[in-house]
Amino acid sequence: MISDDTKDKAANILSDLKRAKSVKRDWLDEAEEDFAFAVGKQWRDEDKLTLERAGVPALTINKIQPNLFMISGYQRQNRPDIVAYPEGDEDSLYAEVVTRLIHNAVKISDAGYKQSEQFEDGVICGEGWIEPYIDYSNDLVNGELRVKKCNPLNIFVDPASVEYDLSDAEYIIKVSPGLTKNQVLKLFP
């Protein structure tokens, strides 16, 4: 039996999602077109059909993709390391230990690669997301830090948020279409 409180929370989430989606609707359409352009689909279907009827092949010379590869390559080669800085001389040893722990966590979780994938999404459509999580598949007690790239077309931020770091956002909703009941129960046991 679902409680009234749970029903109210679900209704609020759906209301927030509808509001955020309506504000983001135009951007979503443009972003889908941007991703299609990046992989070479640069003709509208009706224009392509018109050309085919006239007996002219729809030729695409994709100048976007090589530039994306170049920018992505620069980012991968020049990806900055995360460094912890001490506040005083007495903290220098702690800062060095924390820096090494961060580097190890990034290495183990392949976060650098996921960060590069997020960067590519940002270059293509202007928005990229990564999500850290703990994977308990191999270590049931402590788990392992993992990072996954999220589809920017499925992330909806509070439209009233104005801060760059989203610290003033009341909500960020990630839509995960196609989850099975078992997958939902794993997320929310």
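Preceding this paragraph is the structure being described.
Residues numbered from 1 in each chain as written. Predicted model: local features only at pLDDT ≥ 70, side-chain atom pairs only at ≥ 80, totals over all residues. Heavy atoms only, no water.

Novice: Could you clarify how one ought to interpret the packing of helix α1 (residues 4–38) against helix α5 (residues 111–125) in this entry?
Specialist: Packed helices, taken two at a time, are described by the angle their axes make and the gap between the axes. Relative to each other, α1 and α5 sit at 110°, their axes nearing to 9 Å. One finds that α1 runs roughly perpendicular with respect to α5. On α5, the residues that touch Trp-27, Ala-31, Asp-34, Phe-35 and Ala-38 of α1 are Asp-121, Ile-124 and Cys-125. Broken down by class, the residue content of the contact of α1 with α5 amounts to six nonpolar, no polar and two charged. (Axes fitted to C-alpha atoms, helices over the stretch in contact; angles between N-to-C directions. Helix = DSSP H or I, 4+ residues; strand = E, 2+ residues; numbered from the N terminus. Parallel < 35°, antiparallel > 145°, perpendicular 65-115°, else oblique. Contact = heavy atoms within 4.5 Å. Nonpolar A, V, L, I, M, F, W, Y, C, P; charged D, E, K, R; others polar.)

Novice: Please clarify how the side chain of Asp-135 should be interpreted in this entry.
Specialist: Inspection of the secondary structure assignment puts Asp-135 in strand β1 (residues 129–135). Although buried, Asp-135 forms no salt bridge, and the nearest oppositely charged side chain, Arg-146, lies 4.0 Å from it. Polar contacts involving the side chain of Asp-135 include one to the side chain of Ser-137, which spans 2.7 Å. Setting aside anything within four residues of it in sequence, one finds Asp-135 in contact with Gly-143, Glu-144 and Arg-146. (Buried < 20%, exposed > 50% of the residue type's maximum accessible area, 1.4 Å probe, protein only. Lys, Arg positive; Asp, Glu negative; His and termini not counted. Salt bridge = Lys/Arg side-chain N within 4 Å of Asp/Glu carboxyl O. Polar contact = N/O pair within 3.5 Å; in protein donor to acceptor, adjacent residues only side chain to side chain.)

Novice: Help me understand the state of the cysteines, please; the structure alone is not making it clear to me.
Specialist: Formally, a disulfide is one covalent bond, and it connects the sulfur atom of one cysteine to the sulfur atom of another. On inspection of all chains with the given rule, the structure shows zero disulfides. Here Cys-125 is not disulfide-linked; the sulfur of Cys-150 is the nearest cysteine sulfur, at 13 Å. The class of Cys-125 is buried, set by a relative accessible area of 7%. Overall, Cys-150 belongs to the buried group, its relative accessible area being 6%. (Disulfide = S-S within 2.5 Å.)

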